[in-house]
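Listed here are the chains, written in short residue letters.
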Amino acid sequence: VPKDYGFAYISYREAARHGSAMALYHAGLCCLKREEPYRNEMEAYAYWSLALTLHGLARDELAKLEEKMSPDDRVRGQEIANMIREDIEANKPGE
C-alpha cells in the first residue's frame, strides 16, 4: 500500500501550527519521505529543531540530518523554524 506523505504532511503541518509535539516530529519525517521534488531537508530540519527545543523530541534524527547538511542549509532551516515558531505562537488558544 503506497503511503501519501504529501497528504500526511498537510495534516501534520496543520496540527503543528497548534504546537503538537508529535505533529512537529511527523511533519519533519514527511518532509524527508516525500517524493522529489517535494522532499525538503531544510524543512525537516526546521520541524525537528522545534520538536527538540519545544518538546525534547527528534534529537537523534536531527543529529543525523545535520551531518548531511551544509552550514548554509542549517541556517536556512533555522530561519524556517523561526517562521513556524511564530505561526505556533500566533495560533495559541486565546491569542
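In this numbering scheme, every chain counts its residues from 1 along its sequence in written order. In view of the model being predicted, local features appear only for residues whose pLDDT reaches at least 70, and side-chain atom pairs are presented and counted only at 80 or more, with totals across whole chains, interfaces and linings using the full set of residues. With hydrogens and water excluded, all non-hydrogen atoms of the structure serve as input to the side-chain values.

**Student:** Tell me about the packing of aromatic side chains, and name the residues and values.
**Tutor:** The criterion for an aromatic pair is that two Phe, Tyr or Trp rings (for Trp, the six-membered ring) have centres within 6.5 Å, with stacked assigned to planes under 30 degrees apart, edge-to-face to planes over 60 apart and tilted to the rest. This model, assessed by the stated rule, comprises two aromatic pairs. Relative to Tyr47, the ring of Tyr9 has its centre 6.2 Å away and its plane inclined at 80°; by these criteria the two rings are edge-to-face. Pair noted here: Tyr9 is in helix 1 (residues 5-16) and Tyr47 is in helix 3 (residues 41-55), with a separation of 38 residues, a long-range link. Aromatic side chains Tyr25 and Trp48 sit 6.1 Å apart centroid to centroid with 25° between the ring planes, which places their arrangement in the stacked category. With Tyr25 in helix 2 (residues 21-33) and Trp48 in helix 3, the pair connects residues that are 23 residues apart, well separated along the chain. Burial classification: accessible surface area is computed with a 1.4 Å probe over protein chains only, and a residue below 20% of its type maximum counts as buried, one above 50% as exposed, and the rest as partly exposed. Accessibility expressed as a relative area gives 18% for Tyr25, which makes it buried. Given a relative accessible area of 3%, Trp48 falls into the buried group. For a Lys NZ or an Arg CZ to count as sitting over a ring, it must be within 6 Å of the ring centre and within 35 degrees of the ring normal. When the ring centre of Tyr9 is taken as origin, the NZ or CZ atom of Arg34, which lies over that ring, is 4.3 Å away. In this text, helices come from DSSP runs of H or I with a minimum length of four residues, and strands from runs of E with a minimum of two, each type numbered from the N-terminal end.

**Student:** Lay out the nonpolar core with the relevant residues and their values.
**Tutor:** Among buried residues, the Ala, Val, Leu, Ile, Met, Phe, Trp, Tyr and Cys ones that are joined through side-chain atoms within 4.5 Å form a nonpolar core. Judged by nonpolar contacts, the single largest core of 24 residues is most densely connected at Tyr9, Leu24, Tyr47, Trp48, Leu50, Leu65 and Ile84. Those elements that provide at least two residues to this core are helix 1, helix 2, helix 3, helix 4 (59-68) and helix 5 (71-90).

**Student:** Break down the pattern of salt bridges for me, with residues and values.
**Tutor:** One speaks of a salt bridge when a side-chain nitrogen belonging to Lys or Arg is within 4 Å of a carboxyl oxygen belonging to Asp or Glu. Across all of its chains, the model carries six salt bridges by this definition. Measuring nitrogen to oxygen at the nearest pair gives 3.5 Å for the salt bridge that ties Arg17 to Glu14. You can call Arg17 partly exposed: its relative accessible area is 27%. Residue Glu89 is joined to Lys92 by a salt bridge in which the shortest nitrogen-to-oxygen separation is 3.2 Å. Residues participating in the shared-partner salt-bridge network are Glu14, Arg17 and Asp87.

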